[in-house]
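A look at the structure
For reference, the chains in residue letters:
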Amino acid sequence: METITKNIPALALRGLTVFPRMTASFDVEREISVRALERAMETGQEIFLVTQRELGVELPEEKDLYEVGTVARVIQILRASNSMMRVVMEGGSRARLRRLWQREPFLQAQVELIGEEKSPRHGTRTEAMLRQTYALFGEYSELLPKQPESIFTTVMDATDPGFLADFIAQNSNLRYQDKQSVLEELRPLMRLRRVNEILKREISVIAMEQDIESKVRERVGQIQKDMILREQVKVLQNELGEGDSDAEFDEYRTRICACRLPEETEKKLLKDVDRLSRQPFGSAEASVLRNYLDTVLDMPWGVETKERVSVETARRRLDRDHYGLEKVKERILEFIAVRRLNPDARGQIICLVGPPGVGKTSIALSIAKAMNRKVARLSLGGVRDEADIRGHRKTYIGAMPGRIIEAISRSGSMNPLLVLDEVDKLASDQRGDPASALLEVLDSEQNSAFRDHYLEIPVDLSRVMFLMTANTTETIPRPLLDRMEVIELPSYTDEEKLHIAVDYLLPKQKKANGIAPAALRVDEGALRTVIARYTRESGVRSLERELGRLCRKAAMAFATTDVKRISITAENVESYLGTPRYTRDEAAKTDLVGVVNGLAWTQVGGEILPVEVGVMDGSGKLELTGNLGEVMQESCKAAMSCLRQRAAELGIPTDFYKTKDIHIHFPEGAVPKDGPSAGIAITTALLSALTDRAVRHDVAMTGEVTLRGRVMPIGGLREKTMGALRAGIRTVILPKENEKDLDEIDPNVRAKLRFVPVETVDAVFAEALVYPKAASAARLDTVLPGAAEGGKLPALRV
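These notes cover the structure that comes with them.

Calculation notes
Residues numbered from 1 in each chain as written. Predicted model: local features only at pLDDT ≥ 70, side-chain atom pairs only at ≥ 80, totals over all residues. Heavy atoms only, no water. Helix = DSSP H or I, 4+ residues; strand = E, 2+ residues; numbered from the N terminus. Rg over C-alpha atoms; globule rule 2.2 N^0.38 Å. Buried < 20%, exposed > 50% of the residue type's maximum accessible area, 1.4 Å probe, protein only. Patch = residues over 30% accessible without salt bridge, like charges linked within 9 Å, V, L, I, M, F, W, Y side chains within 5 Å. Areas by Shrake-Rupley, 256 points an atom, 1.4 Å probe, with all protein chains shown as cover. Salt bridge = Lys/Arg side-chain N within 4 Å of Asp/Glu carboxyl O. Contact = heavy atoms within 4.5 Å. Lys, Arg positive; Asp, Glu negative; His and termini not counted. Pairing = 2+ DSSP bridges. Axes fitted to C-alpha atoms, helices over the stretch in contact; angles between N-to-C directions. Parallel < 35°, antiparallel > 145°, perpendicular 65-115°, else oblique. Left-handed = near helix turned anticlockwise from the far one by under 90°. Core = buried A, V, L, I, M, F, W, Y, C linked by side-chain atoms within 4.5 Å. Phe/Tyr/Trp six-rings, centres within 6.5 Å; stacked < 30°, edge-to-face > 60°.

As for the overall build of the protein chain
Broken down by element type, the protein chain carries 29 helices and 27 strands. For 798 residues, the compact-globule formula gives about 28 Å, and the C-alpha radius of gyration of the protein chain, at 42 Å, lies well above that figure. Taken along its principal axes, the extent of the C-alpha atoms in the protein chain is 125 × 95 × 65 Å. Burial analysis of the protein chain (798 residues in total) assigns 46% to the buried set.

Concerning a nonpolar patch on the surface
A cluster of nonpolar side chains, namely Met208, Ile212, Val216 and Val220, defines an oily patch on the protein surface of about 350 Å² accessible area. Checked against the element boundaries, Val216 lands in helix α6 (residues 188–239).

Quick notes on the environment of Leu261
Structurally, Leu261 can be placed in the loop between α7 (245–258) and α8 (263–277). The spacing of Leu261 and Gly302 is 41 residues in sequence and 7.9 Å in space, taken between C-alpha atoms. Aside from chain neighbours lying at most four places away, what touches Leu261 is Ile256, Glu266, Leu269 and Trp301.

Notes on helix α27 (residues 761–768)
Burial analysis of α27 places 7 of its 8 residues in the buried class, the great majority of the element. Where α27 is concerned, the buried positions are Val761, Asp762, Ala763, Val764, Phe765, Glu767 and Ala768.

Considerations on the side chain of Asp661
Mapped onto the secondary structure, Asp661 falls in strand β20 (residues 660–665). No salt bridge is formed by the buried Asp661; its nearest oppositely charged neighbour, Lys621, is found at 5.6 Å. Apart from the residues lying within four places of it in its own chain, the contact partners of Asp661 are Gly614, Val615, Met616, Asp617, Gly618, Ser619, Gly620 and Lys621.

Focus: the sheet that holds strand β7 (residues 349–353)
Sheet architecture is open: 5 strands sit in the order β8-β9-β12-β7-β13, paired in parallel fashion. The open sheet is flanked by β8 (375–379) and β13 (485–488), the only strands paired with a single partner. The average angle at which neighbouring strand axes cross in this sheet is 20°, direction not considered. Sheet topology places β7 next to β13; 4 bridges connect them, and they run parallel. Its bridge partner lying in β13, Val353 is registered against Glu488. Docked against the sheet, helix α11 (residues 326–341) engages β7, β12 (465–470) and β13, running at close to 145° with respect to β13. Of the strands in this sheet, β7, β8, β9 (417–421) and β12 touch helix α12 (residues 360–371), which is tilted by about 165° from β12.

Digging into the packing of helix α3 (residues 149–157) against helix α4 (residues 161–170)
Across the interface, α3 lies against α4 with an axial gap of 10 Å and an inter-helix angle of 160°. What the angle tells us is that α3 and α4 run roughly antiparallel. Crossing of α3 against α4: the hand is left-handed. Of the residues in α4, those touching α3 at Ile151, Thr154 and Val155 are Leu164, Phe167 and Ile168.

Some details on the nonpolar core
Val423, Leu438, Leu442, Phe466 and Met484 are the most contacted members of the largest nonpolar core, which has 53 residues in total. Aside from chain neighbours lying at most four places away, what touches Val423 is Leu380, Leu438, Met468, Thr469, Ala470, Ile476, Leu480 and Met484. Counting residues in hydrophobic clusters, the runner-up holds 50 residues, among them Leu318, Ile336, Leu506 and Leu577.

What about the pattern of salt bridges?
Across all of its chains, the model carries 52 salt bridges by this definition. The partner of Arg103 in a salt bridge is Glu61, and the shortest N-O contact between them spans 3.8 Å. On the criterion of sequence distance, the pair formed by Arg103 in the loop between β5 (85–102) and β6 (107–113) and Glu61 in the loop between β3 (47–51) and β4 (68–79) is long-range, its members being 42 residues apart. Residue Arg103 is classed as partly exposed on the basis of its relative accessible area, which comes to 29%. Given the relative accessible area of 33%, Glu61 is considered partly exposed.

Details of the side chain of Asp523
Checked against the element boundaries, Asp523 lands in the loop between β14 (520–522) and α18 (524–533). For the buried Asp523, no salt bridge is present, and the opposite-charge side chain at shortest range is Arg521, 4.5 Å distant. In contact with Asp523, other than residues within four places in its own chain, are Ile568, Thr569 and Ala570.

A word on the pairing of β12
Taking burial as the measure, the 6 residues of β12 include 6 buried ones, the bulk of the element. What you see with β12 is no split at all: Met465, Leu467 and Thr469 on one side and Phe466, Met468 and Ala470 on the other are buried throughout. Sheet topology note: the β7/β12 ladder contains 5 bridges and is parallel. Within β12, the residue paired with Cys351 across the bridge is Met468. Relative to β12, β9 runs parallel, the two being bridged by 4 bridges. Counted as the bridge partner of Leu417 is Met465 from β12.

Some points on the packing of aromatic side chains
Within this structure, the stated rule accounts for 5 aromatic pairs. Ring centres 6.5 Å apart and planes at 20° place the aromatic pair Phe137 and Phe152 in the stacked group. Of this pair, Phe137 sits in helix α2 (residues 124–143) while Phe152 sits in helix α3, and the two are 15 residues apart along the sequence. Its relative accessible area of 1% is what places Phe137 among the buried residues. Accessibility expressed as a relative area gives 27% for Phe152, which makes it partly exposed.

Details of the packing of α8 against helix α9 (residues 284–297)
Where α8 meets α9, the closest approach of the two axes is 10 Å, and the angle between their N-to-C directions is 150°. Judged on the interaxial angle alone, α9 and α8 are roughly antiparallel. Once α8 is placed against α9, the crossing between them reads as left-handed. Note on element contacts: α9 touches α8 through Glu285, Ala286, Leu289, Arg290, Tyr292, Leu293 and Val296, opposite Lys268, Leu269, Asp272, Val273, Arg275 and Leu276.

What about unusual backbone geometry?
With omega at 0°, the peptide bond leading from Glu104 into Pro105 counts as cis. Within the element layout of this structure, Pro105 appears in the loop between β5 and β6. In the Ramachandran plot, Arg21 falls in the positive-phi region, its phi being about 65° despite a non-glycine side chain. The topology assignment puts Arg21 in the loop between β1 (5–13) and β2 (23–28). A positive phi angle is found at Asn372, which is not glycine, with a value near 60°. We classify Asn372 as partly exposed; its relative accessible area is 35%.

Pasting the structure below:
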């Protein structure tokens with residue numbers, strides 16, 4: 001038999017199969033499908049209809065299409081809209097997809113026509129198969145009463161097994177995978193058998209569905225019957241004077257009137273009580289209304305605690321609970337003083353920002369105790385649903401008020417202190433942005449009539465004092481941050497940690513572990529060792545854990561031996577806590593060429609950051625290592641350019657950038673480093689390596705450098721100077737513009753360090769580089785012409 005192939009447009013069908021000799025009507029929306037139809041109409045060609053394997057594929061490839069489809073002829077096209085066409089097709093013959101050789105702008109396929117096998121002669125086997133099909137389709141039609149009569153008549157009149165199988169598959173509500181399996185079966189009798197198998201399965205499934213629906217309908221009818229009977233019993237009880245529903249409604253009305261609510265709110269709640277009284281017994285609406293009224297009436301309407309506005313009492317409370325943090329305490333006391341002079345002032349919104357473990361949440365609780373306010377804490381970390389703040393509409397199943405209203409109910413007062421913890425860790429997704437929902441809550445001009453979605457009545461939040469905590473302000477949206485007064489809590493110095501450990505943490509751990517105050521003695525040296533070598537943090541949480549370990553070790557010794565008193569010193573602390581986790585940062589002991597002590601800020605304080613420069617003969621390559629960020633790499637390039645512009649003045653070869661390979665390295669390569677404040681340290685290290693002059697080992701420096709040699713201001717000076725002192729540094733070079741920040745530095749640090757403010761790198765070179773003793777002042781002026789001027793800047797010792 002001769003094989004016939006055609007190159008014709010192809011139309012990929014989703015969830016639909018068209019059979020030969022059958023008429024099908026369907027909608028076409030995809031661009032490639034519309035173009036294929038237009039192409040077929042323009043050329044008068046037939047079109048190949050083939051079903052997709054997956055419905056979700058928008059631009060199908062050859063592997064996404066079934067192999068067997070139908071070559072069809074377009075009968076009619078109706079354009080329903082600009083993007084949709086309704087077409088009527090008549091199937092011609094089966095065809096096999098050989099190659100999909102075009103995908104855009106429409107599908108074009110090479111197909112091989114499949115000849116229709118002749119139906120076998122009508123024998124006993126064929127007649128039995130036909131009768132089985134008639135019976136199964138009759139049963140199937142009875143289960144589907146909406147089946148058109150014409151379809152049933154056509155089936156009963158058909159005697160061709162192949163046509164009958166195709167007709168039933170085309171006009172039955174079957175899965176497209178089942179229809180495709182019928183289309184792919186080329187033998188008429190086997191095709192009819194496949195249809196019979198599918199009909200048997202469909203009859204079983206439909207019968208099961210109808211059985212389930214019948215049971216559900218029966219159950220619903222029983223529930224309705226029970227509800228009617230209960231209503232009748234309720235009416236009879238009321239007629240006999242045995243009903244108590246009116247007492248419940250009267251109680252609600254009494255509670256509403258006792259709350260002293262605004263007139264509008266009171267009318268709404270009384271209206272809801274009237275609606276509840278008209279609800280049938282056991283209805284879902286009655287349950288929703290009861291829950292709503294109970295939630296509203298549980299609010300502490302009209303209840304406010306009498307505020308304590310004694311500044312001295314608050315000062316004593318804060319000093320007793322917290323060491324240091326003088327600026328934070330001062331701002332809180334100012335707020336209390338204002339409340340004393342103006343009791344009607346609106347609630348304040350304060351945001352405490354600082355690293356973990358510095359006492360943000362505990363300060364908030366101390367403020368509540370000092371002011372005699374009820375307190376409620378809300379953790380906002382990970383909250384990503386707006387309804388968590390504003391509540392759910394009460395029409396939803398399981399609806400509840402938002403966290404703000406819930407916290408006020410929990411506090412039992414309408415003027416509590418609400419602590420919103422971790423406000424910087426709010427998230428957002430398709431359910432809304434909770435940070436935006438907080439804008440109204442935290443705006444003192446708007447929150448006097450805050451409406452929760454669940455309550456739907458105004459709630460006055462202007463008397464509420466909000467206190468936020470956050471680790472950083474970078475992730476807080478700007479409109480939200482604009483409504484807060486930010487108070488920064490810096491990391492604790494080693495001296496502050498020592499005082500906190502002696503006055504707060506150690507007594508607390510002794511009590512928690514059942515140790516008498518005099519039974520365990522931990523001297524100052526041991527505490528300093530624990531702080532420096534067993535913890536590395538901004539706060540004191542790890543320190544408290546380590547002191548807890550010491551107390552547990554001591555408790556074990558008291559319980560298992562006859563020891564009555566234990567003394568822990570710097571010498572024996574390692575036997576209790578094991579090998580130290582951290583090594584102490586120490587500066588070099590001798591002056592070295594190409595090595596400069598920079599200063600770095602970290603989340604757990606400051607530390608020295610050595611800069612090493614190596615100069616080798618080469619071709620002008622610059623190598624940067626040490627896990628540097630983009631800004632730090634730019635600082636290295638700026639330092640190179642600064643020296644190149646002044647090479648002759650500084651006594652270095654003017655072509656060093658061509659004849660020397662320079663390697664700049666920052667030790668601890670696994671630790672990421674970034675920022676511009678190492679600029680003067682890099683510049684000094686480069687000059688030292690290029691001129692073979694050593695750098696003073698007891699000097700550390702921080703500051704950004706410009707191409708012209710100016711020293712720009714930096715941040716984190718407080719932490720950096722503490723790191724310098726820990727490392728044994730005696731002199732710190734800093735930008736002149738940061739001189740004003742020296743007042744922020746810990747007094748103990750100021751007393752032990754010498755500070756040299758500078759404006760240019762010349763002053764840095766004059767202070768940091770070690771020159772031969774025989775060198776004259778004239779030579780210094782020749783090599784560093786700006787050094788003399790820079791050297792006039794006073795060395796500040798405080």
